[in-house]
Amino acid sequence: MSMLDWLIIGAGVHGLHVAASLRRRGSTLRLLDPHPRPLAEWDRRAEALAMTHLRSPLDQDLDVEQLSLHHFAEAQPRPEPGMFAGPCRAPSLELFRRHVKWIRARLGLDPLLERGTATGLELVEGGVRVESDRGGLVARRVILALGHPPPSVPAWADPLGGAALHVFDPRFDRSPPSGSAVIVGGGLSAAQLALHWARARPGAPTLICRRAPPIAELDAASRWARPRWSWRFASFPLAGRLSVLDAETRRGSVPPRVAARLARAQRRGSLRIVFDEVVDVRREAAEQVVTLGDHPALRCRRLALATGFAPAFDRVPLLDGIAEELGLERGPLALPLLDAGLRWHPRVHVVGAAARLSLGPLAANIAGARLAALRLAAP
């Protein structure tokens, strides 16, 4: 087989949209991912949280065409109740999945998937060879679409092992517990899991968060989804970009509709929310005893962590290996330092959360995937 134009490592939201864009432009490409189909890991996490709707607005989807999801929804023979939520018309998870399946079939993306986990790369004549646990692939250029860094697990949870799993751990079971339950975390993931358990079980789970989550429709202002704002961001000095990311990213925020559901669950007594910080957790027989800073200790039979992702990319072996192999620069939080075309190296590009020093506050979102595709298309 002749050398590919592109090899995309990762078949999640960013890898899939970039693949659709490059495929539409006639490029030869493959997606390298360990899962059996594109977006499989994203789907698993959505299932773990019992997600009902996306947070991204209707005009942000994974197709190449503008407003593709809007037109797809209009073409449905029987519009479903609850297809959209909130003023941004966030699509239901079911609608989004059907649309993605339609995109994959229309553009022939599934046959481009090569199953495997990338373990490293090396420069070869005219391109890059990527090694995986199932062999090697050679392409003129590589795109790293690695998603988020590993889940953030508090130090106090390490000794508990499987007794306190993160919601994004593949071993996590989202099924409602039969006994007392505690969820630790203060953002949207924590809220979604808490609401799911509050609806499905007879007793009231407890959600522990440091403070009331900020309420915002999106996790950054919608202007950051516009290409001109992203280009403007990329023109700032590095310190300025860091300041913008800190000021503009609404960490741990929840949309108003989710905040309203949390309040209703509290009023009904199906959910208890405690604003405090976990100091320590110890096991006693079949229970965990959760020690808090300002409240009495809690006992529970099930303890779930919804504490988001690690802030830095310093524990991502593939990035570490590539940086060392090619002598590439990294900035704050071990983020790759990229040029305007998202190049970390003339033959290696980066998209997704790891590109936020170049794309801005929405880099990790669907909006960021669309911005990245435009950057890759730029001369």
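Refer to the structure presented above.
Note that the structure is predicted; figures quoted are calculated from it, not measured.

A. Spotlight on the packing of aromatic side chains. The tally for this structure, following the rule as stated, stands at six aromatic pairs. Judged by centre distance (4.9 Å) and plane angle (15°), the rings of F168 and F309 are stacked. One end of the pair, F168, is in the loop between β9 (164-166) and β10 (181-184); the other, F309, is in the loop between β16 (302-305) and α9 (317-326), and 141 residues separate them in sequence. In this structure F168 comes out as buried when scored by relative accessible area, which is 8%. Residue classification places F309 among the partly exposed positions, given a relative accessible area of 23%. Ring centres of W224 and F233 lie 6.0 Å apart, and the angle between their planes is 85°; this geometry places the pair in the edge-to-face category. For W224, a relative accessible area of 4% puts it in the buried group. A network of ring pairs unites the aromatic residues W224, W229, F233 and F236 as a single cluster. Sitting over the ring of W229, R232 keeps its end group 4.9 Å from the ring centre.

B. Spotlight on the pairing of strand β1 (residues 4-9). Most of β1 sits out of view: five of its six residues are buried. One ladder, built from five bridges, connects β1 with strand β8 (residues 135-144); its direction is parallel. Its bridge partner being in β8, W6 is matched across the sheet by R141. Pairing geometry for β1 and strand β2 (residues 29-33), over four bridges, is parallel. By the bridge assignment, I9 is partnered in β2 with L32. Each parallel crossover has a hand, and the one from β1 via helix α1 (residues 13-24) to β2 is right-handed.

C. Highlighting the pattern of salt bridges. Going through the model one piece at a time under the given rule, you end up with 24 salt bridges. Residue R44 is joined to E41 by a salt bridge in which the shortest nitrogen-to-oxygen separation is 2.6 Å. Taken together, the residues R44 and E41, both in helix α2 (residues 40-48) and three residues apart, mark about one turn of the helix. Here R104 ties to D110 by a salt bridge, and the two come within 2.8 Å at their closest N and O atoms.

D. Up close: the side chain of R104. Within the element layout of this structure, R104 appears in helix α4 (residues 93-107). Beyond its immediate stretch of four places on either side in the chain, R104 contacts L16, R37, P38, L109 and D110.

E. View of helix α6 (residues 227-235). Residues W229, S230 and F233 constitute the buried set of α6. Projected down its long axis, α6 carries its buried residues within an arc of 100°, all on one side. For α6, the exposed residues set more than 90 degrees away from the buried face come down to R228 and S235. Check the buried side of α6 and you find it contacts α7 (238-248), α10 (356-359) and α11 (366-377).

F. Layout of the packing of helix α5 (residues 188-200) against helix α8 (residues 256-268). Axis separation between α5 and α8 bottoms out at 10 Å; the angle between their running directions is 40°. With respect to each other, α5 and α8 are oriented oblique. Seen along the crossing, α5 lies across α8 with a hand that is left-handed. Contact residues: L188, A191, L195 and R199 in α5; V258, R261, L262 and A265 in α8. A per-class count over the contact of α5 with α8 returns six nonpolar, no polar and two charged.

Reading guide: rules and limits
- Residues numbered from 1 in each chain as written.
- Predicted model: local features only at pLDDT ≥ 70, side-chain atom pairs only at ≥ 80, totals over all residues.
- Heavy atoms only, no water.
- Phe/Tyr/Trp six-rings, centres within 6.5 Å; stacked < 30°, edge-to-face > 60°.
- Helix = DSSP H or I, 4+ residues; strand = E, 2+ residues; numbered from the N terminus.
- Buried < 20%, exposed > 50% of the residue type's maximum accessible area, 1.4 Å probe, protein only.
- Lys NZ or Arg CZ within 6 Å of the ring centre and 35° of its normal.
- Pairing = 2+ DSSP bridges.
- Right-handed = clockwise from strand over helix to strand, strands pointing away.
- Salt bridge = Lys/Arg side-chain N within 4 Å of Asp/Glu carboxyl O.
- Contact = heavy atoms within 4.5 Å.
- Arc of directions from axis to C-beta.
- Axes fitted to C-alpha atoms, helices over the stretch in contact; angles between N-to-C directions.
- Parallel < 35°, antiparallel > 145°, perpendicular 65-115°, else oblique.
- Left-handed = near helix turned anticlockwise from the far one by under 90°.
- Nonpolar A, V, L, I, M, F, W, Y, C, P; charged D, E, K, R; others polar.

Note that every value here comes from positions in space, so none of it alone points to a role or purpose.
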